[in-house]
Amino acid sequence: MEGNKLTFNSIDEYIQQFPPDVQEKLNTLRKVINESAPDAEEKISYQMPTFALRGNLVHFAAYKNHIGFYPTSSGIAAFKDELSQYKGAKGSVQFPIEKPLPYILISEIVKFRVAENMKRAEDKLKKKK
């Protein structure tokens, strides 16, 4: 039933639903994203933790066997070689929950997405002039 669907108002609320070991990974992931995009806004979008700066940057979500990371198709394409060892799709990658997350790679992807969004916003301003 639709009424059983959980809704979250904050990233804290989202993370608190998981067991302590998963919470630890999610909190570290959140910290890495915040450090890589210090001006980004935290929010819940599609019932997932989301970071936005001049548009959505990245989303993440925890599942039974993996942590999904969603840096859009451009973020995946730009790092396709580094991400090739992971299962994924056009705009997402799945990091196995039982293995350490590649935080340095995640940071690089987030920084790439920040630069991409800032350039897009800048280009929009130039077109308006």
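Residues numbered from 1 in each chain as written. Predicted model: local features only at pLDDT ≥ 70, side-chain atom pairs only at ≥ 80, totals over all residues. Heavy atoms only, no water.

Quick look at unusual backbone geometry now. The phi angle at glutamine 47 is positive, at roughly 60°, despite the residue not being glycine. On the basis of relative accessibility, which here comes to 28%, the residue glutamine 47 falls in the partly exposed class. Positive phi, normally seen in glycine, also occurs at arginine 54, with a value near 60°. If you trace the backbone, arginine 54 turns up in the loop between strand 2 (48-52) and strand 3 (56-62). (Buried < 20%, exposed > 50% of the residue type's maximum accessible area, 1.4 Å probe, protein only. Helix = DSSP H or I, 4+ residues; strand = E, 2+ residues; numbered from the N terminus.)

The next point concerns the sheet that holds strand 1 (residues 41-45). Across the sheet, which stays open at both edges, the six strands sit in the order 1-2-3-4-6-5 with antiparallel pairing between neighbours. The strands lining the two open edges of the sheet, one partner per strand, are strand 1 and strand 5 (87-89). Averaged over all adjacent pairs, the angle separating strand axes in this sheet is 20°, with direction ignored. Pairing geometry for strand 1 and strand 2, over five bridges, is antiparallel. Opposite serine 45, over in strand 2, you have methionine 48 as the bridge partner. Helix 2 (residues 20-36) contacts strand 1, strand 2, strand 3, strand 4 (66-70) and strand 6 (92-96) of the sheet and is inclined by roughly 170° relative to strand 3. Each of strand 3, strand 4 and strand 6 is contacted by helix 5 (residues 103-128), which is oriented at about 145° to strand 3, the strand it contacts most. (Pairing = 2+ DSSP bridges. Axes fitted to C-alpha atoms, helices over the stretch in contact; angles between N-to-C directions. Contact = heavy atoms within 4.5 Å.)

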